[in-house]
Amino acid sequence: MANQVEVEIDFRAAVVSTANVKLIRQAVANILRREGFVEDRSVSVTVLLTGDEQLHRLNREFAGEDHVTDVLSFESDVGAPFPNGDDSLINQIGDIAISVPQAERQAIEKQVPFERELAMLAIHGTLHLLGYDHATPEEERVMFGKTDDALGEVFEADA
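Since this is a predicted model, take the numbers as computed values, not measurements.

S.K.: I keep staring at the overall build of the protein and nothing clicks. Help me out?
M.R.: From N to C terminus, the protein includes five helices and five strands. Reading the helices (α) and strands (β) of the protein from amino to carboxyl end gives β-α-β-α-β-β-β-α-α-α. Taking all 159 residues of the protein together, the buried fraction comes to 41%. Within the protein, contacts between residues separated by at least 24 positions form 65% of all contacts whose residues are at least 6 apart in sequence. Working note: accessible area of the protein is about 8,600 Å², and carbon and sulfur atoms make up 50% of it.

S.K.: Would you explain the nonpolar core in this entry?
M.R.: Grouped burial of nonpolar side chains is what soluble globular proteins tend to show. Counting 36 residues, the largest nonpolar core has Ile24, Val28, Val45, Val47, Leu49 and Ile98 as its most contacted members. Of the residues forming this core, the biggest block, nine residues, is contributed by helix H4 (residues 114-129). Residues in contact with Ile24, not counting those within four places in the same chain, are Val7, Val47, Leu49, Leu118 and Ala122.

S.K.: Can you help me understand helix H3 (residues 100-110) in this one?
M.R.: Side chains of residues three or four places apart in an α-helix project in the same direction, reflecting 3.6 residues per turn. Along H3, the positions that sit buried rather than exposed are Val100, Gln102, Ala103, Gln106 and Ala107. Along H3, the residues classed as buried sweep out an arc of 155° about the axis, all on the same side. Relative to its buried face, H3 has exposed residues pointing more than 90 degrees away, namely Ile108 and Glu109. If you check the start of H3, you find a side-chain oxygen 3.2 Å away from the backbone N of Gln102, and it comes from Ser99. Just downstream of H3 lies Gln111, where phi reads positive at about 60°.

S.K.: Hey, could you run me through the environment of Ile24 in this one?
M.R.: With respect to the secondary-structure elements, Ile24 resides in helix H1 (residues 18-34). Note: C-alpha distance between Ile24 and Glu6 (18 residues apart in sequence) is 9.4 Å.

Rules used in this analysis
Every chain is numbered on its own, with residues counted from 1 as its sequence reads. Local features in a predicted model are, by the rule used here, given only for residues with pLDDT of at least 70; side-chain atom pairs are given and counted only at 80 or more, and totals for whole chains, interfaces and linings are based on all residues. To obtain the side-chain values, all non-hydrogen atoms of the structure were used and water was disregarded. Secondary structure follows DSSP: runs of H or I at least 4 residues long count as helices, runs of E at least 2 residues long count as strands, and numbering of each begins at the N terminus. Think of it in three bands: with a 1.4 Å probe and only protein chains considered, a residue is buried below 20% of the maximum accessible area for its type, exposed above 50%, and partly exposed in between. It only takes one pair of heavy atoms within 4.5 Å for two residues to be counted as in contact. The Shrake-Rupley method, run with a 1.4 Å probe, gives the accessible areas here. Residue values count only the displayed protein chains as cover. What is meant by a nonpolar core is a set of buried Ala, Val, Leu, Ile, Met, Phe, Trp, Tyr and Cys residues, joined one to another through side-chain atoms within 4.5 Å. An arc is given here, and it is the one of the directions from the helix axis to the C-beta atoms. Counting of polar contacts relies on pairs of N or O atoms within 3.5 Å, with two restrictions inside protein: one atom must be capable of donating a hydrogen and the other of accepting it, and residues adjacent in sequence are counted only when both atoms are side-chain atoms.

Printed below as a string of structure tokens:
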């Protein structure tokens with residue numbers, strides 16, 4: 001059984017290509033695999049691609065921060081696995097919300113392709129769902145190292 005990565009697009013606030021949706025699925029699935037979520041530890045993650053307004057509202061409501069951000073992660077409240085439709089069970093570990101306009105601005109600022117920034121945010125959000133953080137220099141080194149390694153693998157596979 002493979003990990004499930006659902007991508008939902010808020011078409012009122014964001015426009016992305018089918019290729020970008022595929023890339024996000026690949027990036028999230030890649031970091032899940034790298035972190036050991038294969039076969040017997042299969043999980044489901046939902047990624048919402050939306051705009052600045054919704055990320056601003058979610059950031060204010062859930063993180064107490066009154067500004068637009070690029071990505072937010074929401075761990076699932078449900079710890080129990082749910083049926084996968086084929087008599088197997090899969091754990092919903094949480095949801096990720098990405099501001100597509102913010103990702104576009106950051107890509108321009110960093111002088112990287114938009115697709116790379118989008119994949120990086122998907123990986124970053126997934127790592128937060130798995131319990132990683134970057135509050136200390138050591139946590140930041142570990143989390144960003146994992147992000148960079150997974151990102152390199154995703155884009156190496158595309159080459």
